[in-house]
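# A look at the structure
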There are 2 protein chains.
Amino acid sequence: MSLIEKTVSGILPSDQTWREKAKERILDLTMPPWALGRLLDLAVDIAGMTRSLNPPLDRRTVVIMAGDHGVANAGVSPYPQAVTMLMIRNFAEIAGAGINVLARQSGAKVRIADIGVAGDLSELFKKNLVIDKHIANGTNNMLEGPAMSREQARRSIEAGIELALESSSDSDLLATGEMGIGNTTPSSAIVSVLCSIPPNLVTCRGAGLDEEGRLKKAEIVEKAIDLNKPDKNDPLDVLAKVGGFEIGAIAGFILGAASLRIPVIIDGFISTAGALVAHEISPSSADYIIASHQSVERGHQHALAKLGKKALLSLDLRLGEGSGAALAMHFVEASMRIINEMATWEKAGIVRK
Amino acid sequence: MSLIEKTVSGILPSDQTWREKAKERILDLTMPPWALGRLLDLAVDIAGMTRSLNPPLDRRTVVIMAGDHGVANAGVSPYPQAVTMLMIRNFAEIAGAGINVLARQSGAKVRIADIGVAGDLSELFKKNLVIDKHIANGTNNMLEGPAMSREQARRSIEAGIELALESSSDSDLLATGEMGIGNTTPSSAIVSVLCSIPPNLVTCRGAGLDEEGRLKKAEIVEKAIDLNKPDKNDPLDVLAKVGGFEIGAIAGFILGAASLRIPVIIDGFISTAGALVAHEISPSSADYIIASHQSVERGHQHALAKLGKKALLSLDLRLGEGSGAALAMHFVEASMRIINEMATWEKAGIVRK
């Protein structure tokens, strides 16, 4: 049995009994029924994931999966591909990126994994600043053929599973981040195919295109889909033909977390594209996902709807890196503090009618 | 010069120079332009309020202003008035309410002030668990006449100013909370009058009415306005005729915070009704307000729009107490960490085109 098959076979749906226990507990707390709204929904979700009303959540890790894209130089991003490498140095050596700052505030470690960066990071591997899961120096240009081979797609998912398994030894709560210049383009293609929505309706401005640039990007997504004809019923085929290495790793990371019953917070559009791939491979994996924020990317809401998720935050974020996921950790903590620290009516000496 | 006049005379608009400095700094940080969206807008707002790019924000205080309402027994709430007193004990003695839990997570102190509770809290005053700003044992029933005298309305605002001044000695960041069974009813009346919107469109289900109860509540709000004829151009008149003691104190608290240039996070619907009163007294006071969450109360969005604010969170909260304000503190901290801790492009060694 392959690592993917083995992992998928270990994924059970969220536990209904623990969800009910959480609901009962919440209705005993000193507030009008469900007065903390979605924070309470989240507490119920987490109880169902972890089979506990008081799971450990203090050890938190954001894993940034990095990869480059052959399509990046087709004008889909205002930034050159080399920025992927430079930002990895910013994450790993300077700790000066947005995710470093927000993870620090949330008490989360940041790990960076090279899944398929176009460049040599061996120096950072040696210093243990970046994890080596390198598959290739970026994907092929999907305007000329498949982004990667089916075997590479499988390998990228396995890399993500390995990262989840490795992180589980010191993490109670996981989050997905990513870095890869151009990666909203394959994400748009994946969402278009898996949600059956035309490219123009899921393609947005990424890191800063104008409307003309956006239309060109949507055309590129459409061309890549027309050329490669990904089979929407075969998630590995979609990932291989119009995906990216880091997106496959995100899918695998979610599968791994789900198999371990560890809640996994997804970030924005690219993470959600990865989550869609995971969901196609194992629908129950979505039970372990917490959707952190609604990105400004227009495809994002379609993708979240397909997963049956509603984001906790809507702050017009479009940074990626895991930034929204790190912010959502405050709410994860809040939801479980509520269920564990609030007084019951009985304790507060208040008799309900 | 009265305390209110003196306070208002000390309120200056937000500082445009510091707002510009914040924008410049943000555009130097290693991310696509404005990629952290509303978190960056918030950083600019805070720089303008505090005249600093790195203001102290660690010492945080939520002040819960409590009052009772003569209208409470007219069927506007599923809870009896006595629950106000019981919840104050929960805040002060058990520390088991939602706000206690969420403030603890946010590193905020909780202070409770009796502005006009229908009951004797002298025992808790003596223990320094509740601050004595008691004006009366609840308002009068606004279905029979004005909720309070003009002098009492003035006194409630002064109480809030005093609470802000007293809190300023050990607080860099303030937040408003409230407790008072029935207090969405006067809040609906205030929002209806000050926003010129019919009561039915601003009145919602409060702590748990059904649609029939909501319609009855809207009728009560309409009757109270028809009977008392508050002058929408005179905020003290509106507060006196259809307001509440804790709502006046919230208004004063905001005026006090604004005069001290301390950012003040407002909670939900009731806090926003108080903010509207403050805004009518001193339009510039709104410059110092951070709107934490969009409540499920339908009047809330109208009130926020009138203040020119957009809430940071939308989590279907309807607890009050300051719970949304405490949650928003994480974002206030995040916004200023971003501006101070992120690397610039220069520091990261990345040359921009």
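Residues numbered from 1 in each chain as written. Chains lettered and ligands numbered in written order. Predicted model: local features only at pLDDT ≥ 70, side-chain atom pairs only at ≥ 80, totals over all residues. Heavy atoms only, no water.

The next subject is the pairing of strand S4 (residues 173-179) of chain B. Residue and element names in this part refer to chain B. With 7 of 7 residues buried, S4 lies mostly within the body of the structure. Neither face of S4 is open: one carries Leu173, Ala175, Gly177 and Met179, the other Leu174, Thr176 and Glu178, and all of them are buried. Strand direction decides the pairing type here: strand S1 (residues 60-67) and S4, joined by 7 bridges, are parallel. What sits directly across from alanine 66, in S4, is methionine 179. Across 2 bridges, the pairing between S4 and strand S5 (residues 264-266) is parallel. For alanine 175, the partnering residue across the bridge sits in S5 and is isoleucine 265. (Buried < 20%, exposed > 50% of the residue type's maximum accessible area, 1.4 Å probe, protein only. Helix = DSSP H or I, 4+ residues; strand = E, 2+ residues; numbered from the N terminus. Pairing = 2+ DSSP bridges.)

Next up on the list: the sheet that holds strand S6 (residues 289-291) of chain B. Residues and elements named next belong to chain B. Strands sit in the order S3-S2-S1-S4-S5-S6 across an open sheet of 6 strands; the sheet is parallel. Looking at strand neighbours, the two that pair on one side only are strand S3 (131-132) and S6, the edges of this open sheet. Sheet strands touched by helix H4 (residues 82-94): S1, strand S2 (108-116) and S4. Its angle to S4, the strand with the most contacts, is close to 145°. (Contact = heavy atoms within 4.5 Å. Axes fitted to C-alpha atoms, helices over the stretch in contact; angles between N-to-C directions.)

Looking now at the packing of helix H12 (residues 245-259) of chain A against helix H13 (residues 269-281) of chain A. Residue and element names in this part refer to chain A. Closest axis-to-axis distance for the H12/H13 pair is 7 Å, and the angle between their directions is 55°. In this view, H12 runs oblique relative to H13, as classed from their interaxial angle. Judged by the twist between their axes, the crossing of H12 over H13 is right-handed. Together, Ile247, Ile250, Ala251, Ile254 and Leu255 of H12 and Ile270, Ser271, Ala273, Gly274, Ala275, Val277, Ala278 and Ile281 of H13 make up the contact between the two elements. Residue classes in the contact of H12 with H13 are distributed as 11 nonpolar, 2 polar and no charged. (Parallel < 35°, antiparallel > 145°, perpendicular 65-115°, else oblique. Left-handed = near helix turned anticlockwise from the far one by under 90°. Nonpolar A, V, L, I, M, F, W, Y, C, P; charged D, E, K, R; others polar.)

Here the focus is the domain arrangement of chain A. Residue and element names in this part refer to chain A. The domains assigned to chain A are domain 1 (3-55 + 337-348) and domain 2 (60-333). The C-alpha-based centres of domain 1 and domain 2 are spaced at 28 Å. Opposite the 17 residues of domain 1 that make contact, domain 2 presents 26 residues. Of all residues in domain 1, the largest losses of buried area upon contact with domain 2 belong to Ile4, Arg38 and Met49, amounting jointly to 32% of the total for that side. For the pair domain 1 and domain 2, the interface holds 1 salt bridge. We note a salt bridge from arginine 337 to glutamate 333, for which the minimum N-O separation is 2.8 Å. If you look at where domain 1 meets domain 2, you find 7 residue pairs in polar contact (both at pLDDT 80 or more). At the level of secondary structure, the elements contributing two or more residues to the side of domain 1 that touches domain 2 comprise helix H1 (3-9) and helix H3 (37-50). Residue contributions to the side of domain 1 that touches domain 2 peak at 6 residues, all from H3. Among the residues making up the side of domain 1 that touches domain 2, the classes are represented as 10 nonpolar, 4 polar and 3 charged. (Domains from an automatic or database assignment. Buried area = accessible area lost by both parts, 1.4 Å probe. Salt bridge = Lys/Arg side-chain N within 4 Å of Asp/Glu carboxyl O. Polar contact = N/O pair within 3.5 Å; in protein donor to acceptor, adjacent residues only side chain to side chain.)

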